[in-house]
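# Inside the fold
Below, each chain spelled out in residue letters.
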Amino acid sequence: MRTCGVTRRDFLSGALALTAALLQSKDLLALPVSDTGVKAINLKITYITEILKSPKGRDINIWMPIPTNDHEQNIADISVRSKIQHRLTEDPMFKNRMFYFKTERLNAGEGIAMNYTVRRKTAGIIEDRQQRPERYLEPSEWERWDEKIAGYVDRLVGNENDPVRIGRRIYDALIDSLTYVHEACGRGISTLTFEDKKGRCDEFHALFRSMMMYRKIPVRWHQGIALPYPSAIKKTGEVEADCINAHSWLSFYIGNQRWMPVDLSEAKRRPDLRDFYFGKIPPNRIRMSNGRGITLSPPQKTPLNTFPYTYIEADGIPLIYGHHYRNRLRYEVLRIEV
């Protein structure tokens, strides 16, 4: 005899089937997700550089960074729309790829659009046998250390030789002693940060990198654009690709061709993720480039600190962001993998 009721077994079986169906569907935003429990986010990206005011120069050069594949992100279906003649280039030191545009005039309202898809994974310790660790012991011009920094590290670390333990001591000390300032663009100068005890991501990471390199531990610099956390991201959205939304993080060498990621500034902003950010990075970012003190291809006239978004020069003089041009990154979430 049939009834309209269901058994507990049937109910649980149906609930599990529904959950599985939702997890396999593309609209995974229907379920709440944890910022630390997401394996990957799949996104469709449209990156736009819009000209706001025509520059006076006649030798105009534009470099737009192209995100590339690595252990943490997979880029596919890259295309670019522009009336300006352009070509694909690569910087000689860090192998960052870019689209290079050259023109004699830029008119207000003109734009360049780059489209691609990205699968950004939660990052952890990786093995990378293609990198020579010793090349990451050379500081950039913004990451020198003085006697004060050296003395501080010696007192903090003592006779410890293990890179992970050294890294954790410096990581905790800087998070405890530095103040995070979001609405201000910094230059990531180690000595100034040590004196001022405040800054954004570049300040936190320049000082950490300097201290680690002083102790002969190689550290790689990664630069990109920050996106909302997995728990807060919407189906579609847009962020300004400027110095405020640009974001840096690091990975340091722990031996046997292994590299450990860290993000000190986000650990400062999110105390609940402090332990997580020592060894893992959530997928709420897109890496646009590696390294500091980058020489673009072809070379730019003015030294470039980092390269997270479009850079433009007219007659060798950098255009002013927000006055001459602006960048926007639009995203559509295709899938969240948990």
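Up top is the structure these notes are about.
Quick look at the structure, then. (Residues numbered from 1 in each chain as written. Predicted model: local features only at pLDDT ≥ 70, side-chain atom pairs only at ≥ 80, totals over all residues. Heavy atoms only, no water.)

## Some details on the nonpolar core
- If you look at the biggest cluster of nonpolar residues, it comprises 37 residues, and the most contacted ones within it are Leu 43, Ile 45, Ile 62, Tyr 116, Ile 286, Leu 329 and Tyr 331.
- Mapped by element, the contributors of at least two residues to this core are strand S1 (40–51), strand S2 (60–66), strand S5 (97–103), strand S6 (111–121), strand S14 (285–290), strand S15 (311–314) and strand S17 (325–337).
- Among residues more than four places away in sequence, those in contact with Tyr 116 are Leu 43, Lys 44, Ile 45, Pro 67, Ile 75, Ala 76, Asp 77, Ile 78, Ile 286, Met 288 and Leu 329.
- Of all hydrophobic cores here, the second largest spans 35 residues; its members include Ile 175, Tyr 229, Ala 267 and Ile 281. (Core = buried A, V, L, I, M, F, W, Y, C linked by side-chain atoms within 4.5 Å. Buried < 20%, exposed > 50% of the residue type's maximum accessible area, 1.4 Å probe, protein only. Helix = DSSP H or I, 4+ residues; strand = E, 2+ residues; numbered from the N terminus. Contact = heavy atoms within 4.5 Å.)

## Focus: the sheet that holds S5
- In space, the five strands of this open sheet follow the order S4-S5-S2-S15-S16, with antiparallel pairing throughout. Because the sheet does not close on itself, it has two edges, and the strands there are strand S4 (86–90) and strand S16 (317–318).
- Relative to S5, S4 runs antiparallel, the two being bridged by five bridges. When the sheet's bridge partners are listed, Glu 90 is paired in S5 with Arg 97. (Pairing = 2+ DSSP bridges.)

## A word on the state of the cysteines
- Using the criterion set out here, one finds one disulfide in the structure.
- With no disulfide partner, Cys 201 has as its closest neighbouring cysteine sulfur the one in Cys 185, 9.4 Å distant.
- For Cys 201, a relative accessible area of 1% corresponds to the buried category. (Disulfide = S-S within 2.5 Å.)

## Thoughts on the environment of Cys 201
- Inspection of the secondary structure assignment puts Cys 201 in helix H5 (residues 201–214).
- Between the C-alpha atom of Cys 201 and that of Cys 185, which follows or precedes it by 16 residues, the distance is 9.5 Å.
- With residues near it in sequence (within four places) discarded, Cys 201 still touches Tyr 180, Ala 246, His 247, Ser 248 and Ser 265.

## A few points about the packing of aromatic side chains
- The full count for this structure, using the stated rule, is 13 aromatic pairs.
- Taken together, a centroid distance of 5.7 Å and an interplanar angle of 85 degrees make the contact between Tyr 136 and Trp 259 edge-to-face. Taken as a pair, Tyr 136 in the loop between strand S7 (126–127) and helix H2 (147–157) and Trp 259 in strand S13 (residues 258–262) lie far apart in primary sequence, 123 residues in all. Across the pair, exposure class does not vary: Tyr 136 and Trp 259 are buried alike.
- Among the aromatic residues, ring-to-ring pairing joins Tyr 171, Phe 208, Phe 252 and Phe 278 into one connected group.
- Sitting over the ring of Tyr 229, Arg 270 keeps its end group 4.7 Å from the ring centre.
- The side chain of Arg 292 reaches across the aromatic face of Trp 221, ending 4.4 Å from its centre. (Phe/Tyr/Trp six-rings, centres within 6.5 Å; stacked < 30°, edge-to-face > 60°. Lys NZ or Arg CZ within 6 Å of the ring centre and 35° of its normal.)

## What about the pattern of salt bridges?
- Taken as a whole and assessed by the stated rule, the structure comprises 24 salt bridges.
- Between Asp 172 and Arg 168 there is a salt bridge, and its shortest N-O distance comes to 3.0 Å. Highlighted residues: Asp 172 and Arg 168, both in helix H3 (residues 163–177), separated by four residues, approximately one helical turn.
- Beyond isolated ion pairs, a larger network of salt bridges with shared partners links Arg 168, Asp 172, Asp 176, Arg 274 and Asp 275. (Salt bridge = Lys/Arg side-chain N within 4 Å of Asp/Glu carboxyl O.)

## Section: the packing of H2 against H5
- Taken N-terminus to C-terminus, the directions of H2 and H5 make an angle of 70 degrees; their axes are 10 Å apart at the nearest point. Relative to H5, H2 is oriented roughly perpendicular. For the pair H2 and H5, contact is made by Ile 149, Ala 150, Tyr 152, Val 153 and Asp 154 and by Leu 207, Met 211 and Tyr 214, respectively.
- A class-by-class count of the residues in the contact of H2 with H5 yields seven nonpolar, no polar and one charged. (Axes fitted to C-alpha atoms, helices over the stretch in contact; angles between N-to-C directions. Parallel < 35°, antiparallel > 145°, perpendicular 65-115°, else oblique. Nonpolar A, V, L, I, M, F, W, Y, C, P; charged D, E, K, R; others polar.)

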